[in-house]
Amino acid sequence: EPEVTQTPSHQVTQMGQEVILRCVPISNHLYFYWYRQILGQKVEFLVSFYNNEISEKSEIFDDQFSVERPDGSNFTLKIRSTKLEDSAMYFCASSERRIETQYFGPGTRLLVL
Amino acid sequence: AQTVTQSQPEMSVQEAETVTLSCTYDTSESDYYLFWYKQPPSRQMILVIRQEAYKQQNATENRFSVNFQKAAKSFSLKISDSQLGDAAMYFCAYRSGETSGSRLTFGEGTQLTVNP
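Values in this document were obtained by computation on a predicted structure and should not be read as measured data.

Draft legend 1. Representation of the sheet that holds strand β1 (residues 5-7) of chain A in the model. Residue and element names in this part refer to chain A. Ordered in space as β1-β3-β8-β7, the four strands form an open sheet in which the pairing is antiparallel. In the strand order of this sheet, the two ends are held by β1 and β7 (65-68), each with one partner. Strand after strand, the sheet turns through a mean of 20° between neighbouring axes, direction not considered. Bridge count for β7 against strand β8 (residues 75-79) is four bridges, and the pairing is antiparallel. Following the sheet pairing, Phe-65 is matched in β8 by Ile-79.

In C-alpha cells, the structure reads:
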C-alpha cells in the first residue's frame, strides 16, 4: 500500500541553524501538508500546498518557514533559523484531492538545542 | 473558527471489552468531514475512520464505529472487542468541506490504555 515517507526520522540542530525536512507524498496525490506536534500537545496545522503554491497557512507559519516541491516527488519544509520552541514532531501529509482523506507520514522528530 | 474538544484525557478498557471515546466540535458550517486518527507510541498518525457530515449513516470500519450526532455536534468513537494493539492516543479531527481551506483541526487527544 502506498505511504507517505519522511526523512530524517530524527534531527538534532543548534539554535539559529537552518533545517530542511523532507517528505515524499503518495505518488498520485496533489495536495500536501505540514503539521507539527509539540510534545504532549495537539497536532497543529502549518501549511497546505497545491499546484506549486501555498494554498493555506496558519499563524504559526511565519517568515522563518518555507515549503518547496523541488522535483516531482519531494516536498520540503525549511526552517531558516531554528528556535528552541521549534522542537517538535513534524508530520507531512498528502491527499489525492482537497476533500479526500489526508494520509500522514511517520514524522520527523526535531530537537533544537 | 472551528474547534474540536476531547474531554477525556485518558481512558482505559479491559481487553475484549468495548470503549467509547468522546469528541465534540463547534462549527457554523453544514458541510464538513470528521476523522479519528490513532497515534501509537511510535507517534505515527494513522487514520481510523472518517465521516462525511452529509451522510446520516454512521461510519464503521471493522471493530471501529462512530456515533455521529450532527445536531449535537458530537462525534464519538466506539471500539469493540478491544485489543492490546488499540492502546494509543486517539485524536478527533475536523475539516471544512465548504471553504477553500483543507486544514485539519485536531482535538487534544485521548490516551487509551488496554488492560490485559
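Draft legend 2. Region of the structure containing the interface of chain B and chain A. Taken together, the contact pairs 24 residues of chain B with 24 residues of chain A. Counting the surface lost from both chain B and chain A, the interface buries some 2,100 Å², and carbon and sulfur atoms represent 46% of this. By the criterion of area lost to chain A, the three top residues of chain B are B:Arg43, B:Ser102 and B:Arg103, representing 33% of everything that side buries. Across the contact surface, chain B and chain A share one salt bridge. We note a salt bridge from B:Arg103 to A:Glu56, for which the minimum N-O separation is 2.7 Å. At the junction of chain B with chain A, the criterion picks out 13 residue pairs in polar contact (both at pLDDT 80 or more). For the side of chain B that touches chain A, the elements supplying multiple residues, two or more each, are β5 (32-39), β6 (46-52) and β10 (88-96) of chain B. When residues in the side of chain B that touches chain A are grouped by element, the largest group, four residues, is from β5(B).

Draft legend 3. Summary view of the side chain of A:Thr76. Of note, A:Thr76 is situated in strand β8. In contact with A:Thr76, not counting residues within four places along its chain, are A:Ile20, A:Leu21, A:Arg22, A:Trp34, A:Ser66, A:Val67, A:Glu68 and A:Pro70.

Draft legend 4. Just the state of the cysteines, in detail. As enumerated under the stated definition, the model contains two disulfides over all chains in all. With a sulfur-sulfur separation of 1.9 Å, A:Cys23 is cross-linked through a disulfide to A:Cys92. Disulfide A:Cys23 to A:Cys92: torsion about the S-S bond roughly -65°, handedness left-handed. Separated by 69 residues along the polypeptide, A:Cys23 in strand β3 (residues 19-24) and A:Cys92 in strand β9 (residues 88-95) bring together distant segments of the chain. The burial state of A:Cys23 is the same as that of A:Cys92; both residues are buried. Each sulfur in the disulfide pair B:Cys23 and B:Cys92 lies 2.0 Å from the other. In this structure the cystine formed by B:Cys23 and B:Cys92 twists about its S-S bond by roughly -70°; its chirality is therefore left-handed. Taken together, the residues B:Cys23 in the loop between β3 (19-21) and β4 (24-26) and B:Cys92 in strand β10 connect sequence positions 69 residues apart. Take B:Cys23: its relative accessible area is 1%, and that puts it in the buried class.

Each value, and the rule that gives it
- Residues numbered from 1 in each chain as written.
- Chains lettered and ligands numbered in written order.
- Predicted model: local features only at pLDDT ≥ 70, side-chain atom pairs only at ≥ 80, totals over all residues.
- Heavy atoms only, no water.
- Pairing = 2+ DSSP bridges.
- Helix = DSSP H or I, 4+ residues; strand = E, 2+ residues; numbered from the N terminus.
- Axes fitted to C-alpha atoms, helices over the stretch in contact; angles between N-to-C directions.
- Contact = heavy atoms within 4.5 Å.
- Buried area = accessible area lost by both parts, 1.4 Å probe.
- Salt bridge = Lys/Arg side-chain N within 4 Å of Asp/Glu carboxyl O.
- Polar contact = N/O pair within 3.5 Å; in protein donor to acceptor, adjacent residues only side chain to side chain.
- Disulfide = S-S within 2.5 Å.
- Buried < 20%, exposed > 50% of the residue type's maximum accessible area, 1.4 Å probe, protein only.

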